[in-house]
Amino acid sequence: MKIRSLLTVVAMLSILLIGVGSAYAVYGVADDVPGRDVGFPIICIQTPTQTNQTDTGWAIADAKNPTSVFDILHNYSIHVHLTVHEPVNSAVVKDDDFYLTPNDVLTDLCSRVVSTIDATNKAKLVQTINDGTGSSAYYVGYVIYEQQAPTVTMVDTLVSWVYLTDLANGYASGFNGVDFEGGVIPTGGELEENGKGSLVAVAANHIYPRYVIQNNAALTRDWWILLFGRADLATKFGTMNLQISRSLNCDFWDEQETHGSNHIPIPNELDIINVADYLTVPFTSFPHNGFASCVIGESGTRVVGGTPSAYSSTGTMDSAGIISTVLTNSTGYYSFFGWSHQKVQAASVLASWDVINPIHRTYCSGVPGGPTTAPDNLEACTCTGGGC
C-alpha cells in the first residue's frame, strides 16, 4: 500500500510539473496554436527551368470548427479574405475571397496566385536572389488570410502548413505559417496579434539562425527568410527627414568555433538573405556550418526642426519620437518572423537534401536595463537620440 501510494503521488506530481502550462497560447509569442488569421511568405521562380522549379504550396484548415454558420444553403462557417503583399513596403498587389465549410482545408500555390496578378503588380514581386547556382529572378511576397464578416463567430480556428518545394528535382521543406491570435491588421498595422482587443507585437531583439555551406558552395542554397512588421524607416517613408536604415549585426561561429562577423542590410518588410554572401571573412574554405547571433538594429540620421541628429535603436521597436510623427498607430513595437532554409544539390540524389527551421530569438522588452522575470528569452530594446 505504501509503495502504491508513493507511485500515485509521483504520478500526480508529474502531471502537475510537466503537463500543465505548456499548451497555453501566449499573445506576443511565436507559438504554434490556432489563430483567427494566418500569414506566411511565398517564393516561386519567375521562369521555371529544368534545374529550378521552386514554388510555395500551402494548406489552411478550420481546426476548431465553429458551429455558427451564416449560409444555410452552403453551410459555410468561415469567410476569409486573401491579401497578397509585395515585399518592400507591404502594398497589396492581389486580393480574393474564400469560403470554408466546417473542418475544411484550403490549398493553393504561389505560382497559381501570381499567375492571376496583373503585370504592373506582378513586377512588384520580382527579386533577384543568389540561390547557389547563380542568381535567379523570383516572385517574393507574403500572404494574409483574414477572417471577415459575415463569419458569425470569428475565433482562433485557422492553422496553416507551408511547403517550399522544387518537386521536379526532389526537394520539399515544410514550416508552419504564422497564426495571429485574435487576428491581425494586414494593412496599416505592423503584423501584430490582436490579443484580447489590443495589438501585441511578436517582437525580437537578437535572432539565432543556422547556416550550412557544403563543400561545393555553388550547389548550396542557404537563405534566411525574414518577415518584419514594417520596412526600415528610410525605405518605408523615403524622406530626407528619416535617413535611417535597418540591419542585422551578426557574429558567426562555425563548428570549430571559428568566429566571423558582418553587417547585413534588411531594408524590406520581407528580406531573402543569401547567407553565403556574408560569410566571406574569415571562412575562405568549405564546408563551414554553424550559427549566427544577430541583433536587429536601425541607425542613421533624423532631422527635427531643421536640425539633424543621430538615431539608433535595437530590436523591433518604434521610438516615441518616431511614433509621434510618422507611426501614429504603432504600439511601440513591430513583429518579426523568420526561417532558415538550406538546400544542397549533391552529385548523388541520395546525398541531396533540403530543410527549413524557424529562427530562434530573444524577445524585445521595453523594460529599461532588461527585464528581471525571464532573462533567458527577453532583452531590453533601446533607442538613443533623434527623438527617442
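Treat the numbers as computed from the prediction; the structure is a model and nothing was measured. (Residues numbered from 1 in each chain as written. Predicted model: local features only at pLDDT ≥ 70, side-chain atom pairs only at ≥ 80, totals over all residues. Heavy atoms only, no water.)

## Quick word on the overall build of the chain
Part 1 of the argument: Of the regular secondary structure elements, the chain holds 5 helices and 26 strands.
Part 2 of the argument: With 388 residues in all, the chain has 48% of them scored as buried.
Part 3 of the argument: Taking all contacts inside the chain whose residues are at least 6 apart in sequence as the whole, residues at least 24 apart take part in 70%. (Helix = DSSP H or I, 4+ residues; strand = E, 2+ residues; numbered from the N terminus. Buried < 20%, exposed > 50% of the residue type's maximum accessible area, 1.4 Å probe, protein only. Contact = heavy atoms within 4.5 Å.)

## Re the sheet that holds strand β5 (residues 105-109)
Part 1 of the argument: Strands sit in the order β5-β2-β8-β9 across an open sheet of 4 strands; the sheet is antiparallel. Two strands bound the open sheet, and with one partner strand each, they are β5 and β9 (171-176). Within the sheet, the average angular offset between the axes of one strand and its neighbour, ignoring direction, is 15°.
Part 2 of the argument: Across 6 bridges, the pairing between strand β8 (residues 158-166) and β9 is antiparallel. What sits directly across from Val162, in β9, is Phe175. (Pairing = 2+ DSSP bridges. Axes fitted to C-alpha atoms, helices over the stretch in contact; angles between N-to-C directions.)

## Let's talk about empty space enclosed by the protein
Part 1 of the argument: Summed over all chains, the structure comprises 2 cavities of 30 Å³ or more.
Part 2 of the argument: Computed from the structure, the largest cavity encloses a volume of approximately 50 Å³.
Part 3 of the argument: For the largest cavity, the full set of lining residues is Thr54, Leu164, Thr165, Asp166, Tyr171, Arg221, His341, Lys343 and Asp354.
Part 4 of the argument: Listing elements by their share of the lining of the largest cavity, those giving two or more residues are β8 and β21 (336-344).
Part 5 of the argument: Of all the elements, β8 adds the most residues to the lining of the largest cavity, at 3 residues.
Part 6 of the argument: Split into classes, the residues belonging to the lining of the largest cavity amount to 2 nonpolar, 3 polar and 4 charged.
Part 7 of the argument: Taken as a whole, the second largest cavity holds about 40 Å³ of empty space.
Part 8 of the argument: Lining the second largest cavity are Pro41, Ile42, Ile43, Thr56, Leu164, Phe175 and Ile225.
Part 9 of the argument: No other element matches the 3 residues that strand β1 (residues 37-45) contributes to the lining of the second largest cavity. (1 Å grid on protein atoms, 1.4 Å probe; cavity = no way out; pocket = protein on both sides within 12 Å on 5 of 7 lines; lining within 4 Å. Points joined across faces, edges and corners; volume = space filled by probe spheres on them. Nonpolar A, V, L, I, M, F, W, Y, C, P; charged D, E, K, R; others polar.)

## Some details on the state of the cysteines
Part 1 of the argument: On inspection of all chains with the given rule, the structure shows 3 disulfides.
Part 2 of the argument: One disulfide in the model links Cys44 with Cys110; its S-S distance is 2.2 Å. Since a negative S-S torsion denotes a left-handed disulfide, the Cys44-Cys110 link at about -55° is left-handed. Of this pair, Cys44 sits in strand β1 while Cys110 sits in helix α2 (residues 110-115), and the two are 66 residues apart along the sequence.
Part 3 of the argument: Overall, the relative accessible area of 2% leaves Cys44 in the buried class. (Disulfide = S-S within 2.5 Å.)

## Observations regarding the layout of surface pockets
Part 1 of the argument: What the largest pocket holds in volume is close to 420 Å³.
Part 2 of the argument: Lining the largest pocket are 20 residues; nearest its centre among them are Ala30, Asp32, Trp339, Pro358 and Ile359.
Part 3 of the argument: Those elements that place two or more of their residues in the lining of the largest pocket are β9, β10 (178-180), β21, β22 (353-358) and β23 (360-361).
Part 4 of the argument: Of the residues belonging to the lining of the largest pocket, the class tally is 10 nonpolar, 5 polar and 5 charged.

## A word on the side chain of Asp37
Part 1 of the argument: By the element assignment, Asp37 lies in strand β1.
Part 2 of the argument: On the accessibility criterion, Asp37 (0% relative accessible area) is buried.
Part 3 of the argument: Of the polar contacts made by the side chain of Asp37, one reaches the backbone nitrogen of Val184; its length is 2.9 Å.
Part 4 of the argument: Those residues in contact with Asp37, other than ones at most four positions away along the chain, are Tyr145, Glu146, Gln147, Leu158, Val178, Asp179, Phe180, Gly183 and Val184. (Polar contact = N/O pair within 3.5 Å; in protein donor to acceptor, adjacent residues only side chain to side chain.)

## Regarding the nonpolar core
Part 1 of the argument: Among the nonpolar cores identified, the biggest contains 47 residues, and Trp58 and Tyr145 are the most heavily contacted of them.
Part 2 of the argument: Of all the elements, strand β7 (residues 135-148) adds the most residues to this core, at 7 residues.
Part 3 of the argument: If you look at the next biggest cluster of nonpolar residues, it comprises 22 residues, including Tyr211, Ile213, Trp224 and Ile273. (Core = buried A, V, L, I, M, F, W, Y, C linked by side-chain atoms within 4.5 Å.)

## As for the pairing of strand β4 (residues 92-100)
Part 1 of the argument: Pairing between strand β3 (residues 78-85) and β4: 8 bridges, direction antiparallel. Paired with His81 across the bridge in β4 is Asp97.
Part 2 of the argument: Here β3 folds back onto β4, and the loop between the two strands holds 6 residues, one of which, Ser90, carries a positive phi near 70°.

## Here we look at the pattern of salt bridges
Part 1 of the argument: Per the counting criterion, the structure on display carries 7 salt bridges.
Part 2 of the argument: Linking Arg112 and Asp108 is a salt bridge whose minimum nitrogen-to-oxygen distance equals 2.5 Å.
Part 3 of the argument: By relative accessible area, Arg112 is classed as partly exposed at 37%.
Part 4 of the argument: Classification of Asp108 as buried rests on a relative accessible area of 9%.
Part 5 of the argument: For Glu298, the salt bridge identified is with Arg230, shortest N-O distance 2.7 Å. Of this pair, Glu298 sits in strand β19 (residues 288-304) while Arg230 sits in the loop between β15 (220-228) and α4 (233-237); the two residues are 68 residues apart in sequence, bridging distant segments of the chain. (Salt bridge = Lys/Arg side-chain N within 4 Å of Asp/Glu carboxyl O.)

## Points about unusual backbone geometry
Part 1 of the argument: For Asn103, which is not a glycine, the phi torsion comes out positive at approximately 65°.
Part 2 of the argument: Following the sequence through the fold, Asn103 ends up in the loop between β4 and β5.
Part 3 of the argument: Even without being a glycine, Leu191 presents a positive backbone phi close to 55°.
Part 4 of the argument: Along the chain, the position of Leu191 falls in the loop between β10 and β11 (193-195).

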